[in-house]
Each structure stands twice: as C-alpha cells, then as structure tokens.
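Remarks on the overall topology
Each chain, written out:
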Amino acid sequence: MKLFEGSNLLRNSTFFKISAFILISVACFFLGKHWSQDGFRRLIFFSVESSRSPIVALSPDFGKTYNISGLIYESHPILPPTLTPPDSVELKVFGIVNENGTMSDQFQIGDYDAESAETLGNQTESESSNGPNGDTESTTARVSMMQFEMCSEDMTEYIPCLDNVEAIKKLSTTARGERFERNCPKEGMGLNCTVPIPKGYRTPIPWPRSRDEVWFNNVPHTRLVEDKSGQNWIYKENDKFKFPGGGTQFIHGADQYLDQISKMIPDISFGNHIRVVLDIGCGVASFGAYLISRNVLTMSIAPKDVHENQIQFALERGVPAMVAAFTTRRLLYPSQAFDLVHCSRCRINWTRDDGILLLEVNRMLRAGGYFVWAAQPVYKHEKALEEQWEEMLNLTTRLCWVLVKKEGYIAIWQKPTNNTCYLSRAAGVMPPLCSSEDDPDSVWYVDLKACITRIGENGYGANLAPWPARLQTPPDRLQTIQIDSYIARKELFVAESKYWKEIISNYVNALHWKQIGLRNVLDMRAGFGGFAAALAELKVDCWVLNVIPVSGPNTLPVIYDRGLLGVMHDWCEPFDTYPRTYDLLHAAGLFSIERKRCNMSSMMLEMDRILRPGGRVYIRDTMNVMSELQEIGNAMRWHTSLRETAEGPHASYRVLLCEKRFEPSDKHHTKKKKRKSKGKGA
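Residues numbered from 1 in each chain as written. Predicted model: local features only at pLDDT ≥ 70, side-chain atom pairs only at ≥ 80, totals over all residues. Heavy atoms only, no water.

Some words on the sheet that holds strand β15 (residues 565-569)
- If you walk across this open sheet you meet the seven strands as β15-β14-β13-β16-β17-β19-β18, and the pairing is mixed. Edge positions in the open sheet fall to β15 and β18 (639-644), since each of these has one partner strand only. Adjacent strand axes in the sheet meet at a mean angle of 20° when their direction is disregarded.
- Two elements, strand β13 (residues 520-523) and strand β16 (residues 582-588), share three bridges in a ladder whose sense is parallel. (Pairing = 2+ DSSP bridges. Helix = DSSP H or I, 4+ residues; strand = E, 2+ residues; numbered from the N terminus. Axes fitted to C-alpha atoms, helices over the stretch in contact; angles between N-to-C directions.)

What follows is the structure, given as structure tokens:
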C-alpha cells in the first residue's frame, strides 16, 4: 500500500514542476558562466544600491559602469550630419517641393544678420573658427595670389571687344558697320590689369540730380558740346556738364515731346501699356531719362562712333544704356521685347538691303507695339527726302505695319497682333516670312535675317497685363522656356520671386540699400528676373540690367514680359559697356557653373572694369569657389568679407560681400606705357 502511495507521489505534477525549475536554473548558471569567460557578449544586469543585504548571489557585473551610448553606437552606427551622399548619386533640384512631394512657394528665408552686416566695412578675411591651439581655421582652403597691376593711363575708357584695334584692321569690309560690332581679343590676350580712373574723378552725383548734371572730370569729353551746341543736348558749366533735356528733333525738351506723342496716340499710355522702350541712336539719352518719371524703362543704345561717349554720358546720368549698333548681327534682345521703339534722327537707312535693319526692329517689337520715327523724310519736301519717305511707306506696308498717325516731324506705325496680314499677302511679296525653324530669341553672334519674324499663333508675348501688374504675373511665354519643368513653371516663377523679395528685404534693412546710392545695377545671372522684381517692388530707386548667360536657359522673353530690361551674354567674354558703369554687381550661382568654361580671374577683372569706385559686389555661390574668388578680389584691392547665408553654417552656399573702395586718381601709380592686353588673369 505504501509503495502504491510512492508511485502516486511521482505522478504528482507539483513534483515535476519543481524538478524542472531546478534543472533549468542549473543550466542557466553554467551557460552564463561560459559567456562571461570565453569572450562572448556578457549578459549585463543592472542593480540599484540598497541598504539591505542581497538575498541572492550577485552578478559578476555588479558595481561596474558601462557607456550605454557607446554600446548603442557600436551596434548601430549613427552617420554624422555632414556626411555627403556618395558620388554615384546624382541629385537634381528643379524647384521647391513640400512634404507631399508637390511644388510649393511656402517656404521661409531667415533674417540677415544685421549686426554682422554692419561690420563689413573693415573686414577683408573670411569667417573663421578657432582651432584646438587657438589658431584660426578658414572654412575653405586659401589660395595665394599676387596683386594685379594697374593698367596704363590710356585705358581709362577701354572696352575690350569694341577697342580691339588690331582685329578691326583685319576686317575684310566695314561697309555695313562691322567695325562697331564685337571684335573680342583672342583667348589668352584679354585684360590682365585693373583699369584706372580718370584724373580728378569724383563720386558720381546721386539720382535724381544726376539726370540733369554730372561731373566733368568723370566723362572729360567736349566733342558733343561742340557738335550739339544748338540742339539743347548738353553744355558745360564750371566743373559740370548740364543736360537741359533737349534732342535734335525735340530741342524744346523731352517732356513736351513725350506729351505730343501721347496726344497723337492716346493708346500709347506711358507707364501702363507702354512699359519697356528701345531708343535707337539715343544721344545723351534724355528721351529715356524723362520717361523714367512716367514709369517707363528705356534701353538707350548707340554705337561707339564719332559722337564719342554718348552712352557713357547716359550711364553717368543713371539712365539704362548699352553700346550697340544696327550692323550685320542681331541685337542681344529677344523677340517681342519692346512695347515701343523710338528713332529720332538716328542716322540709320532703314530701307537698305531689302529692309533688313527694319526687320530686326520688327523682330524685337512686341505684337501690337509702336514704332516712332522722327526724321527729316517725315516732314521735309525735298526730292531726295520725299523718295526716302515713299520707300519707307512701301517697306512698312509690306511688313503689315499700319501708319496710325503722322503729325509734323513725327510718324508712328503699329505692328499687327497676329499673322493674318502676313499670310494674306500676294505670292512672292518680299520680304518673306521666316522659316518656322528659325528661333527669333537666338541672338548670340547670330546674323541678321531678311525675313519677317512670325508672331506666335497662341498670342504669347502680346497678351500682357498693364504695369505694374505684369511684374508679378507669370507670362504666357514662361511655357516656351527650355527648362526641365513644364507643369511647375508658374510655381517656380512665384517661388523665385518670393525667395528674392525676402532676401532683398533683409538687404534693404540690414545693409541700407535705399541709403547707399544704388542706381545702376547688373544682375549677372538673372533667371526669371526675381532679383530685379524685388528691387522694383521694394521701391529701391535703381534700374537693373538682367543678364542671361548663354550657358543656361534663355529666359529673356520672361524678363521683358515682366516689364524689365535684359540682355544675352557669355561671361567668358568682356561686356559691352564703359568702365565704371555699375554701382552694384550681383552674381548668384554664376561662378560654380561658368568655372567649367571660363577663366575666373578674367571674369573678376571684367567685373572690376565695369564697377564704379565705391561700388559693391554680392556673390552668392557654393563654398568650393569662394576661397579663390575672395583671393582674386583681394588681388584687385577689393575689400572682401565671406558670410554665411541664412541657412546657417552647414549650408553649401556662402555670400561674398565686396567693396571697390574709392581712391582719388592722384594716388594711383599707373605706368605710362602702351596698352597692356596680354595674358589672362593670374
């Protein structure tokens, strides 16, 4: 009976549970001891100090401390925040994308550091940080460069591509004005010195006083005073030139002349429908100077000819102007750029070579735009002049222009708004329509074409909002720009405008842009013109020439549709303007792109040539070009300061702020020698 009871005890479940627990405990003990001694990871137990004595055996890890962060990092390494993507990954950014993956203009631009901006004056070094030994460590590698020499004194007005005497002598013909075209120095033979200022040069008179007077020593030429003494253009009084506002055909003043044009054609509403104007053969640009007060931007052009320095006078006055000529190539402006084109005694034979020069005007004139011609053939009854008038009437009729008004010495034509008239002309009528393959916006070293530029079938370029609404209205021709985006173009346009407006707002507040005398401004890589649009909206009293580099998409049609001025250019070559043209040069993302094609020293020397003494340069670009640019700037005797952008120290972009300090000409040690034009920059 007792044996049976013992067998029942073995079958009892409680007995088996206790036995299994003891067996598992012994096994765990030996396993733990094995891991602790043979290099495997130890099972770490954590205890809390207690006043009571332990009632169980302690772990061998009792009392030891461990770096938990180190253990976690060892198992799961954390990449440093500055780690860049592998080279094999190509990142392309075409706009501003929100968290949902769609285009958006909802973003914030941080405030500019006003306190640090105020210290720009005396700084010539880049932002730096202290190293472990107290030494400063530059944020980028430094490059050593010798200072550039000063050019000889006869180069104070040197324009490299227009003063290349050797190249002009080699031209096979100059019958059509080829000597006034770009004839640039060969590669390696460009400017390698800084252009000096004239003796007695003074800080320019600020706008709007400069419209009426400039310092004589800044443009010391009296030829125009002698030639135009009876036409109310210009006269000299003591140490200044005075501009009474007259012209060859409007000796009683530009204001009265503009009023007459407005009365002739009421639809010519200056500052409303008429915003962007081209003045051909502009003289000292009084026509454009007086249109500024009517909210009209005028591009005043003239060749560098016997009427010496007329464009230089215009620029010194603070009026938009460029050296340009109607010769054998297209002008550097897009199709349908100008709302009105003006020619007052501009000395151009419009009917020569089957009207090829007037066809170039037609290309640049906006659909529905006006051509104003004030000249002797309009009103004089001499046989030769009457024949010229008849030839002009015949040509303009074949161009489908309508003579809307002829009064006194002024005749005004209007261009059609579509191709209906062109297509309804009789067969064989000359000039023909241009081929549909012709790109009317291709202008860089493109020859003139004796054909009529087609007007877009969709009405692009003609349907514009009046000023000032057109400044921020995405134009139809935005869809024709060759960029890697189609649906998001308007979003890109709006985003760029917002981006620059917030940045310029900070510049205006922190750097006092409304008080430092900015008048002539050049944006060297303008995009859609957001930088210039921001200056206009913020009422900074300046004008901006928007440059579209040939290396990028041609956005010039958008620039002009917004009511702004622009030009095509290749920054590997010199720019067609006089020395000391601009108060401010702005370059955003330019050098990191052009360094693959162009010599950066040559580009910076060209910037120095066209920058006024006391002028400023703002370069916003990637870090990998900034050190070299700063060294070149210092070698040109600029005062430079490298700044972080609002995005902070880890951003890939920096801003290089430069100032070309004004030094009186008697301190310049220029060498009296022949013109120096050999070798590129250092």
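Structure shown, so let's carry the discussion forward.
Description of the nonpolar core
- W350, F371, W513 and F591 are the most contacted members of the largest nonpolar core, which totals 150 residues.
- For this core, the element with the highest residue contribution is strand β10 (residues 365-374), accounting for seven residues.
- Apart from the residues within four sequence positions on either side, W350 is in contact with I280, F326, C343, G355, L357, L358, V361, F371, W373, M392 and L395.
- If you look at the next biggest cluster of nonpolar residues, it comprises eleven residues, including V214, V219, L224 and V284. (Core = buried A, V, L, I, M, F, W, Y, C linked by side-chain atoms within 4.5 Å. Buried < 20%, exposed > 50% of the residue type's maximum accessible area, 1.4 Å probe, protein only. Contact = heavy atoms within 4.5 Å.)

What about the packing of helix α10 (residues 352-364) against helix α12 (residues 383-398)?
- Relative orientation of the contacting elements α10 and α12 amounts to 65°, with a least axis distance of 11 Å. Once α10 is placed against α12, the crossing between them reads as right-handed. On α12, the residues that touch D354, G355 and L358 of α10 are M392, L395 and T396.
- Residue composition of the contact of α10 with α12, grouped by class: three nonpolar, two polar and one charged. (Left-handed = near helix turned anticlockwise from the far one by under 90°. Nonpolar A, V, L, I, M, F, W, Y, C, P; charged D, E, K, R; others polar.)

Topic: the packing of aromatic side chains
- If you walk through the whole model with that rule in mind, you get 27 aromatic pairs.
- The interplanar angle of 70° and the centroid separation of 4.9 Å between the aromatic rings of W444 and Y445 together place this pair among those described as edge-to-face.
- Taking relative accessible area as the criterion, W444 reaches 18% and is therefore assigned buried.
- Lying across the ring of F216, K236 places its NZ or CZ 4.7 Å from the centre.
- Across from the ring centre of W467, 3.5 Å away, lies the NZ or CZ of R275, which sits over that ring. (Phe/Tyr/Trp six-rings, centres within 6.5 Å; stacked < 30°, edge-to-face > 60°. Lys NZ or Arg CZ within 6 Å of the ring centre and 35° of its normal.)

Quick word on the environment of F326
- Along the polypeptide, F326 turns up in the loop between β8 (321-323) and β9 (338-344).
- A C-alpha to C-alpha distance of 9.9 Å links F326 and W350, two positions 24 residues apart in sequence.
- Residues contacting F326, with those up to four places away along its chain left out, are I280, I301, L331, I348, W350, R352, L357, E360, V361 and M364.

Some words on the pairing of strand β7 (residues 297-302)
- Across the six residues that make up β7, a large majority, six, are buried.
- Alignment of strand β6 (residues 276-280) against β7, held across five bridges, turns out to be parallel. If you follow L278 over to β7, its bridge partner there is M299.
- One crossover worth recording links β6 to the parallel β7 by way of helix α8 (residues 286-291), and it is right-handed.
- As paired elements, β7 and β8 share three bridges and run parallel to each other. Of the residues in β8, the one forming a bridge with I301 is M322. (Right-handed = clockwise from strand over helix to strand, strands pointing away.)

Quick word on unusual backbone geometry
- At the junction of W207 and P208, the peptide bond is cis and its omega measures out at 10° in the coordinates.
- Between W467 and P468 the backbone carries a cis peptide bond, its omega angle lying at 10°.
- Along the chain, P468 turns up in the loop between α13 (420-423) and α14 (489-510).
- Residues other than glycine seldom take positive phi values, yet R347 does so here, at roughly 60°.
- Looking at the secondary structure, you find R347 in the loop between β9 and α10.
- If you check the backbone angles, Y445 has positive phi at about 55° while not being a glycine.
- Checked against the element boundaries, Y445 lands in the loop between α13 and α14.

Side note on the state of the cysteines
- Applying the stated criterion to the full structure yields six disulfides.
- Shown here is the disulfide that connects C161 with C184, its sulfur atoms set 2.0 Å apart. Across the disulfide from C161 to C184, rotation about the S-S bond amounts to roughly 105°, and the bridge is consequently right-handed. Note that C161 is positioned in the loop between β2 (136-138) and α5 (165-169) and C184 in the loop between α5 and β3 (213-215), a separation of 23 residues in sequence. (Disulfide = S-S within 2.5 Å.)

Geometry only, nothing functional implied.
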